[in-house]
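# Observations on chain architecture
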Amino acid sequence: MKIVTLHNRVDPALLRDYIRENLDAGFAKHRSEQMHFDVGGEGNIIEISEPEFYGFLYRIEVQDSTLHITRSEHYVDDVNSLTVESVLNDLLGDLAGKPGTDLLQEG
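The following paragraphs examine the structure supplied in this document. Every residue gets a number counted from 1 within its own chain, in the order that chain's sequence is written. Given that this is a predicted model, residues contribute local features only at a pLDDT of at least 70 and side-chain atom pairs are listed and counted only at 80 or more, while totals for whole chains, interfaces and linings are drawn from all residues. To obtain the side-chain values, all non-hydrogen atoms of the structure were used and water was disregarded.

## Description of the pattern of salt bridges
Salt bridges are identified by distance alone: a Lys or Arg side-chain nitrogen within 4 Å of an Asp or Glu carboxyl oxygen. Under the defined criterion, the tally for this structure stands at seven salt bridges. For the salt bridge of arginine 9 with aspartate 64, the shortest nitrogen-to-oxygen distance reads 2.2 Å. Separated by 55 residues along the polypeptide, arginine 9 in the loop between strand S1 (2-5) and helix H1 (12-31) and aspartate 64 in the loop between strand S4 (55-63) and strand S5 (66-71) bring together distant segments of the chain. For glutamate 33, the salt bridge identified is with arginine 31, shortest N-O distance 3.2 Å. Using a 1.4 Å probe on the protein chains alone, a residue whose accessible area is under 20% of its type maximum counts as buried, one over 50% counts as exposed, and one in between counts as partly exposed. For glutamate 33, a relative accessible area of 32% corresponds to the partly exposed category. A relative accessible area of 28% places arginine 31 in the partly exposed class. In this description a helix means any DSSP run of H or I spanning at least four residues, a strand means any run of E spanning at least two, and both kinds are numbered starting from the N terminus.

## So, H1
In a regular helix each residue adds 1.5 Å, so 20 residues correspond to 28 Å; H1 covers 27 Å between its end C-alpha atoms and thus fits that length. Bend angle per residue: angle between axes fitted to the 7 residues ending at that residue and the 7 residues starting there. The principal kink in H1, of about 40 degrees, is found at asparagine 22. Pairing of N or O atoms within 3.5 Å defines a polar contact, subject to two protein rules: one partner must be a possible hydrogen donor and the other a possible acceptor, and residues neighboring in sequence count only if both atoms are side-chain atoms. Structurally, the start of H1 carries an N-cap: the backbone nitrogen of alanine 13 is 2.8 Å from a side-chain oxygen of aspartate 11. Phi turns positive one or two residues past the end of H1, at serine 32, with a value near 55 degrees. Under the convention used throughout, the expected extent of a helix is 1.5 Å for every residue step, that is, one less than its residue count.

## A word on the side chain of threonine 83
Mapping threonine 83 onto the fold places it in helix H2 (residues 79-96). You can call threonine 83 buried: its relative accessible area is 9%. Whether two residues touch is decided by their heavy atoms; if any such pair falls within 4.5 Å, the residues are in contact. Excluding its chain neighbours within four sequence positions, the residues that come into contact with threonine 83 are Phe27, His30 and Arg31.

## Quick word on the packing of aromatic side chains
Centre distance within 6.5 Å is the pairing criterion for rings of Phe, Tyr and Trp, where only the six-membered ring of Trp is used; planes under 30 degrees apart are then read as stacked, over 60 as edge-to-face, and the remainder as tilted. One pass over the full model with this rule turns up one aromatic pair. Here the aromatic rings of phenylalanine 27 and phenylalanine 37 are separated by 5.1 Å at their centres, their planes lie at 65 degrees, and the arrangement is edge-to-face. Note that phenylalanine 27 is positioned in helix H1 and phenylalanine 37 in the loop between H1 and strand S2 (38-40), a separation of 10 residues in sequence. Take phenylalanine 37: its relative accessible area is 3%, and that puts it in the buried class.

In structure tokens:
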């Protein structure tokens, strides 16, 4: 699990929408290929999946300004999953603004 703080309280619904609107385009920019990711979840949970090849990839639990990010153990070294993680890092950095994000723990 990776724990990230954004230094600002996060509305899970707005974060879910932001990821939904930007993940596919960010992925295409990084990998120069198209792939569609489903971004769903309820309440303070955001789930990212790609049903055609992978299924579940990431689960984000929003706790005020802290995000608990869990990735599927089945695709840890897969280049597409790593690209999604890179895009998520970019999106979270953009959303946080200044002073940005801090990685609190990864394991």
